[in-house]
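Coordinates in review
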Amino acid sequence: MPAIAVLVDIVMMLTNVLVMLIIVQFVIGLLFAFNVISPSNEFARQVYESINRLLEPVLRPIRNLMPNTGTIDFSPLVLILLLQILTRVLMGLAGAY
């Protein structure tokens with residue numbers, strides 16, 4: 001297996017983990033917003049805050065570049081799209097298509 005293919009596999013695994021973390025953060029945020037889970041639930045709050053601390057350094061530059069849309073935060077969607085573009089480009093360079 002060529003080295004570039006291994007590198008592409010590693011990047012794809014990391015992007016998949018990031019996408020899953022973004023989705024979990026989004027779902028927990030919705031559950032908090034609609035009072036399905038109480039924000040005083042210690043476990044859920046700690047999971048949400050931990051994921052938020054992991055993703056904030058990646059999402060902050062995207063938020064700074066995007067226009068203010070009020071209460072809707074589109075930066076996770078933009079990050080997912082950028083990660084998908086990155087994996088497609090790397091797969092194309094590695095000849096995986």
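Please refer to the structure placed before this passage.
To start, this report covers the structure provided alongside it. Treat the numbers as computed from the prediction; the structure is a model and nothing was measured.

So, about helix 1 (residues 3-33). If you check helix 1, its first and last C-alpha atoms are 45 Å apart, about what 31 residues at 1.5 Å a residue would give, namely 45 Å. Within helix 1, burial applies to Ala5, Val8, Val11, Thr15, Val19, Ile22, Gln25, Ile28 and Phe32. Taken together, the buried residues of helix 1 touch helix 2 (42-65) and helix 3 (75-94). Two residues or fewer past helix 1, Asn35 is found with a positive phi of approximately 55 degrees.

Glancing now at the pattern of salt bridges. In the structure shown here, the tally under the stated rule is 6 salt bridges. The salt bridge partner of Glu49 is Arg53, with a shortest N-O separation of 3.8 Å. Taken together, the positions of Glu49 and Arg53, both in helix 2 and 4 residues apart, correspond to about one turn of that helix. What makes Glu49 partly exposed here is its relative accessible area of 30%. Residue classification places Arg53 among the exposed residues on the basis of a relative accessible area of 59%. The residue Glu56 makes a salt bridge to Arg60 at a minimum N-O spacing of 3.7 Å. Of the two residues, Glu56 and Arg60 both sit in helix 2, 4 residues apart, roughly one turn of that helix. Under the relative-accessibility criterion, Arg60 is labelled partly exposed at 43%.

The nonpolar side chains of soluble globular proteins are, as a tendency, buried together. One finds Val19, Ile22, Ile51, Leu55, Leu59, Ile62, Leu79 and Leu83 forming the largest nonpolar core, which totals 8 residues. Only helix 1, helix 2 and helix 3 provide two or more residues apiece to this core. With sequence-adjacent residues up to four places away left out, Leu83 is seen in contact with Thr15, Leu18 and Val19.

Let us now look at a nonpolar patch on the surface. A contiguous nonpolar patch, built from Met20, Ile23, Phe26, Val27, Leu30, Phe34 and Val36 and spanning about 720 Å² of accessible area, is present on the exposed surface. Tracing the backbone shows Phe26 in helix 1. Phe26 gets classed as exposed once you look at its relative accessible area, which sits at 54%.

Conventions used here
Residues numbered from 1 in each chain as written. Predicted model: local features only at pLDDT ≥ 70, side-chain atom pairs only at ≥ 80, totals over all residues. Heavy atoms only, no water. Helix = DSSP H or I, 4+ residues; strand = E, 2+ residues; numbered from the N terminus. Expected span 1.5 Å × (residues − 1). Buried < 20%, exposed > 50% of the residue type's maximum accessible area, 1.4 Å probe, protein only. Contact = heavy atoms within 4.5 Å. Salt bridge = Lys/Arg side-chain N within 4 Å of Asp/Glu carboxyl O. Core = buried A, V, L, I, M, F, W, Y, C linked by side-chain atoms within 4.5 Å. Patch = residues over 30% accessible without salt bridge, like charges linked within 9 Å, V, L, I, M, F, W, Y side chains within 5 Å. Areas by Shrake-Rupley, 256 points an atom, 1.4 Å probe, with all protein chains shown as cover.

Purely geometric stuff here, so don't read any function into it on its own.
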